Structures are given as C-alpha cells and as structure tokens.
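Each chain, letter by letter, is given below.
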Amino acid sequence: MCGDVPDMDGAVVETGGIHFGAPLRDDAHAGVRRRAIFDCCKWDPRVEDVEVLSPVPLLLSREAWRHLAGLAEALARETIAAERELLIRPDLHRHLGLGGSIRRALRAAAEGPPAEMARVMRFDFHFTSDGWRISEVNSDVPGGFVEASGYAGLVAEAAASGTLPADPAEALASAVAAATGPGATIGLVHATAYTDDRQVMLFLARRMERHGLRPMLIGPDQLRWTNARAEIDSDWHRGPVQGLVRFFPAEWLPNLPRSSGWRHHFAGSRTPLCNPATALLTQSKRFPLVWDRLKTDIDTWRQLLPQTHDPREVRWNGQDHWVLKPALGRVGDGILLAGVTPDRQRRRIARDARWHPRYWVAQRRFDSIPLAAGDEHLHVCLGVFTVDGRAAGVYGRASASPLIDHLARDVAVLVEEREPSPTAHVRPRNVLPATV
Amino acid sequence: MYYQQLYELWAPPGGLWTPWVKPVLFAQLQSNPAEHKFPGDWRQRPIGWAPSPADRTAIIIDLPGADSVLTALALADKGYRPVPLFNCCLGPSPVLNLTPVVDALNLGNEVLSKLAIPYHAPPAFVIDSRRSKGDTEPTPGKFDNRWVVLPQDFPSARFMLSHGVQQAVVAHHRVGQPETDLAHVLRRWQEAGINILRVNPMRDERPAPLQVARPSHFREMWYTFLATVGLRRNAAGGFGSAIPIPSSSDSTGYRGGFG
C-alpha cells in the first residue's frame, strides 16, 4: 500500500512520503475504539452507517512531517502578522464577510486588543497533483484534539509502526500552563448542550489537570466581567479565572446576552484568551480577498492556497473548476463542489452565493490525489496544528470523496519509525522547501 | 471498569446494532455502582402492543427518562435488542436530570447479563422524550444538557431494509406526530419504504399507521446546524433571538460543527 500512485493520465505521481499502513487487526481496533471512548472522550465514533475511526493509520516519513510542520509554522507566522495588521485596518473588515456587530467589536479591538495565550490554529493540507495545498485555516476554534492526540496515540501503541508526530492537546495544555502558572483556574467555554463540543473540552480539561491547572467547563453565558477580567458565575462555581479557552465560534458571540460581556472576547480582555475572537479576521474564507491591500508578507499562503475570489469576480456558475465556500463555513458544510455536492444542495448554495456574494468565495478547485488504502482509494486531509507558532500535531481525515465533510473518517497520522526508502520521501512537485 | 462492562452489556462486541449505541453517558459515569437507586420494575412495563421480534419491526421508545429504559429492558426480555441513544452529558445543576436514566441503565447489569438476545434481533432504539425541554428552566447559571436526535444518530433506511426491517413503531405519549427532531429520522425512513406506526404504551391499543408529516428544513444541508442551534441558542442564554445564517440577514452565520 506504500509508494506512488498513478494520476489520471497513468503517470506516476510522487506521494511525498505519505502512505496508508497496514490496518489494525479487528480485535486490536475494537480495543482501541473502546479506549478512545472511555479514555479519550471520543463519544461520536459512529455517524449514520459510517464507522468514523479508521483502523488504517496514515504514515508520514519523518522528512514529510518536517516539511509539513515547516509549512504550517510559516503559515502561522504570516497569519498572526496579517491579523495584527488587519486589526488596525477596519476599512478592510467589510470585505471579510463579517456581520455588523462583529465589525463594531473588532473596531474596538484596534484600540485595545484582548490579552492572548496559547494561540492555536489548524491548517488543512491536501495532497494534490500540484503537491501540498491548503484549503483553509481554522484559526478561531480548531477541533480534532481528541482524534489527533487521543485516538492517534492509541493507534500508535497498537500498530507499533509509527509514533505521534506531536501531541496537540499536550502542547495546548502546556502552553496554557506556561501562560497562567500552576494552580490557575481556566474557563473552558463551550455550548454545553452539544456533546461533540463537550467531549473536546473534557479531553482538554483532563490534560490541563495533569499540568496542575484547574479547568472549569462552562457555557459562554456563565462569564461576568469586572475591570475587563473574567469571572465564572454558575450554579456550581463562582470566582475569577486566570485564562479562557474558547470552543464556541466567535461569530456566535453577538447572540449572547449583553450581560455575558461577549465583546471582551474581541477587545479589552485582561484575562488571557485562547483564542481571541479577533481570530475571525483570518478564519474568514474571504481573508485572501484583502491580501493585496496588506503590507504583511504572506508568500506561503499565496503559494499554498488556491486562487480565491469574490463570487462576483469570476464566472463560477456551471464551471467545474471553481468551488464555492461560505465565508465562515466549517467541516466542509455548505461547499459546492461539482460532481460531489448533491443537486439539491448545489442549487441552494448557488442561489445563496448569487443573492449574498459578500458571504461567499469562489476558489479554484485543486486536484486531490487519493491514496491507496487496501482495496479502496481515499482522499486525505491533514490538519496540522500550531500552538504559539510551533507545529503541534496532525488531525487526519480521509474520504472516498474529494470533499472532506462530517462523514469523513478519522485517521491516525503517525510518523514512520523506520528509515524511509529512497523513493518514499521524495517531496511532491511544486511545493515549498521545508523551513525547519 | 464497571461502566465499561455495563456499556458492553448494552453494546455487546460484534452486535449488529452495537455501533449505534451512544457511549456518551457510560463514558462519563464515575459514581459508585452501589449508589444507584432502584428505578422501578421493568417487568411491569406495558409491552403487549409490541409485535413479535420475528416480524422484524424496529421500535423507537420515546418515553420520559427511566420509563424509556425500563420499557427497553422489557422488550429485551421479549427478544428485541435495546439500543440506547442518549446523547447528553452529566454535570452539576443540570437542566435535564439524568439520574433516573442512569439508574435504569445500571439495571441492565442485572437484566441483560441473563438474556441471550439473538444477533439478528430487531432493534429497540431508546431515547428520552424530555430531551429537548429538560426538567427545569435553562437559566444561565445551570448546566444545559438538553439534546436532540439527528438522522445520523440512527442507521439509514438502507441498512434497516437490508436487514429485513421494513416497519418501525414509535412508542410515545404524544398525540399524533412525533417530536420534530425524530420526525426528521422517521420521514427519511418512510420515504425509503419503511412503514411507520405509532402507539401509546399507556393505553391498551395496537400500533396504528402514522404518516409522518414533512418537518421544516427536511433534508436541508443546514438542518443539523439549525437543530443544534435551538439548544445552543438557549445554552447561550439568548432566548428568542435566532442565530442568523448568511442567506437570511446581515450576519456571518455558522454552518455545522466546529473546525
């Protein structure tokens, strides 16, 4: 299952040191699944008829991991720099597909940005006929910790064919501990009624406890602010917090009652935030539309992200080589991909994009190359985490379809322990050199 | 370890319907098993309405709290495979009190361990009719643990039909249509050819045909988002203010799960 794959023309495409490994035995995988549920808070291993946890690990050569890590770190540097510049350029905010209340909150951030800690992002890489490309950054509330740290760690133990490239949950917990000090109370802010989010927060809470922190799981309406410092106000705990880790999308914050002080997530918080809501400036898929007006050097972004336009600038309708994406869409939802998106959804998306183009982008479609996994071929998406600018692990997903959505399978991404073969670690063509 | 074993009684390894059992509650349980209270006598639950398992009928038990689980145990004794689908969290000061549900699930240790349910037994999906309303007002200080069912929580109609399940009975206390979230599941099944019936177990009646009305936002790509927003909105304390989506207002909207 290792090695190169033929492309559409039958030519061999270099797979850049990435291939699927041998599947876990059924009994071993059943054990991993059980431990993922009970030890790692993986509470959603089934989606309709799809068993989400893949028994087949995805193996990276060490050089391939270094290469991806270097790209992600370069992207993180550029993203942070661009965010800082965008903060003081409110004239550009209206191009980002952000609502009025958010734009007003962001204007206040220019005067007094919130305190930050443990900045975490996830860049989604795809293996394409042009080498590695990215589809987006999750710079606001990236998920995948349970899978990239917990599940992948269990597979690494069971498969004995590789090791975790890095552990993003550990990196995040460590960064929060370093920023706040031992014994600090950390508010883990999320929509408590939603188990998909609760599992992420509980998993992170357990990691934080190992670092001597005191995590408190709370809803976003259970915060009060005094002198721009956050306090928890719930039936089970009242008191100050030394840091907030948010897993509640920033674009939802304006729906909270005024008493929740949601604007502090955008501006003025003296309690360190992970992440500040100003991350929306780069979370927006319309971020590329303002690149030409920035002084910030974003060369890595320019080379890795497919050409992106306002839908009004290109003729996307009926054209297979354009993908439509909502400005703040996530997990592949709301994406129009010709030949993949069902007709009914395609019509709905196309109508939305025509009526409200300022909340959409048209992006050049890339040619994702599926990799052999047993008797099937799977498209892969590698979500590379960075924490405080350092590469911190990989959330792997795979799908028989080029669209990686909620039905995609979670794949443990491991770094091969053995020395790569001479052909297995060649870099895909047309990609940037590694920076580490 | 006790609760892992309890989970495996409800979700036996290799079982046909095991993959759909929601592990959420089991994975959170840490209390002393001896502290569970007796939730009631499952043998007293009225199940005379239930078809013979040989009829290959799926059952959806949409009753309040422990009633649902106790009915499932009674149906297990009759030859059905109970499939708990509780997708909710435990926590302090909850809006939805899950203690009776947990106590009833714990009874599975006593009941299910003594049963030999056949591999091909038809499923009895177990949910809680209180799920979206809770037991108390979801005021901001409380832990909002209400939940909804989504089509992806259940097997597809194709899977059901491929295993000979051509009929499903909803057991609930409602008059007429099922809860809206459940209607999204049942309507899909109905359109795929599964015959849907309903019954109120508290009445001495036989299951009657149910034409599931097309719920709003049926099969729309934003449905999952909209369904969960209903809870998130309240979890966030913003009662009455809809979270907008791009097509409806000057806002950013949000589409689907996180990152």
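Figured I'd write up the structure that's included with this text.

Cut-offs and rules
- Sequence positions are assigned chain by chain, starting from 1 and proceeding in written order.
- Chain letters start at A and ligand numbers start at 1, both assigned in the order the entries are written.
- A pLDDT threshold of at least 70 governs which residues receive local features in this predicted model, and a stricter bar of 80 or more applies before side-chain atom pairs are shown or counted, although totals over entire chains, interfaces and linings include all residues.
- Calculation of side-chain values draws on the structure's entire complement of heavy atoms; hydrogens and water are dropped beforehand.
- Only DSSP runs of H or I covering at least 4 residues are called helices, and only runs of E covering at least 2 are called strands; the numbering of each starts at the N terminus.
- Radius of gyration: over C-alpha atoms. The globule rule applied is 2.2 Å multiplied by the number of residues raised to the 0.38 power.
- Residue exposure (1.4 Å probe, protein chains only): buried if accessible area is under 20% of the type maximum, exposed if over 50%, otherwise partly exposed.
- The contact criterion used throughout is that any non-hydrogen atoms of two residues lie within 4.5 Å.
- Accessible surface is estimated by sampling points in the Shrake-Rupley manner with a 1.4 Å probe; for residues, cover comes only from the protein chains shown.
- In this tally, Asp and Glu contribute negative charge and Lys and Arg positive charge; neither His nor the terminal groups of the chain are included.
- To locate a charge, the coordinates of NZ of Lys, CZ of Arg, CG of Asp or CD of Glu are taken.
- Working definition of a nonpolar core: buried Ala, Val, Leu, Ile, Met, Phe, Trp, Tyr and Cys residues. They are joined through side-chain atoms within 4.5 Å.
- Here, any two strands with at least 2 DSSP bridges between them count as paired.
- Helix axes are fitted to C-alpha atoms over the stretch in contact, other axes to C-alpha atoms as well, and angles between N-to-C directions run from 0 to 180 degrees.
- For a helix, the expected span equals 1.5 Å multiplied by the residue count minus one.

Right, let's get into the overall build of chain A. Assigned secondary structure in chain A consists of nine helices and 24 strands. For 436 residues, the compact-globule estimate of 2.2 N^0.38 gives 22 Å, and the C-alpha radius of gyration of chain A, at 21 Å, lies within 12% of that figure. Referenced to the eigenvectors of the C-alpha coordinate spread, the extents of chain A come out at roughly 65 × 50 × 40 Å. By the burial criterion, 64% of the 436 residues in chain A qualify as buried. Of the contacts made within chain A by residues no fewer than 6 positions apart, 73% connect residues no fewer than 24 positions apart. Surface accessibility of chain A: about 15800 Å² in total, with carbon and sulfur atoms responsible for 47%. Distance between charge centroids for chain A: 7 Å, based on 54 positive and 53 negative side chains.

Of all hydrophobic cores here, the largest spans 124 residues; its most connected members are Phe125(B) and Trp189(B). In contact with Phe125(B), other than residues within four places in its own chain, are Trp17(B), Ala58(B), Ile59(B), Ile60(B), Ile61(B), Val83(B), Leu85(B), Phe154(B), Pro155(B), Met160(B) and Trp189(B). Within the second largest apolar cluster, 65 residues are counted, among which are Trp132(A), Trp262(A), Val290(A) and Ala373(A).

Residue and element names in this part refer to chain A. Taken together, the four strands give an open sheet; going across it, the order is 11-10-15-16, and neighbouring strands pair in parallel fashion. The open sheet has two free edges, formed respectively by strand 11 (214-218) and strand 16 (273-274), since each of these has just one partner strand. Where strand 15 (residues 243-247) meets strand 16, two bridges bridge the pair, whose relative direction is parallel. Looking at strand 16, one finds that Leu 244 is bridged to Leu 273. Contacts from helix 6 (residues 195-210) reach strand 10 (185-190), strand 11 and strand 15, with the element oriented near 165° to strand 10.

The next subject is helix 7 (residues 180-191) of chain B. For the α-helix, the turn length of 3.6 residues means that residues three or four positions removed from each other point alike. Residue and element names in this part refer to chain B. Its 12 residues give helix 7 an end-to-end C-alpha distance of 16 Å, which sits within 8% of 16 Å, the value for a rise of 1.5 Å per residue. Most of helix 7 sits out of view: nine of its 12 residues are buried. Within the sequence span of helix 7, burial applies to Asp 181, Leu 182, Ala 183, His 184, Val 185, Leu 186, Arg 187, Trp 189 and Gln 190. At the exit of helix 7 stands Gly 193, carrying a positive phi of roughly 110°.

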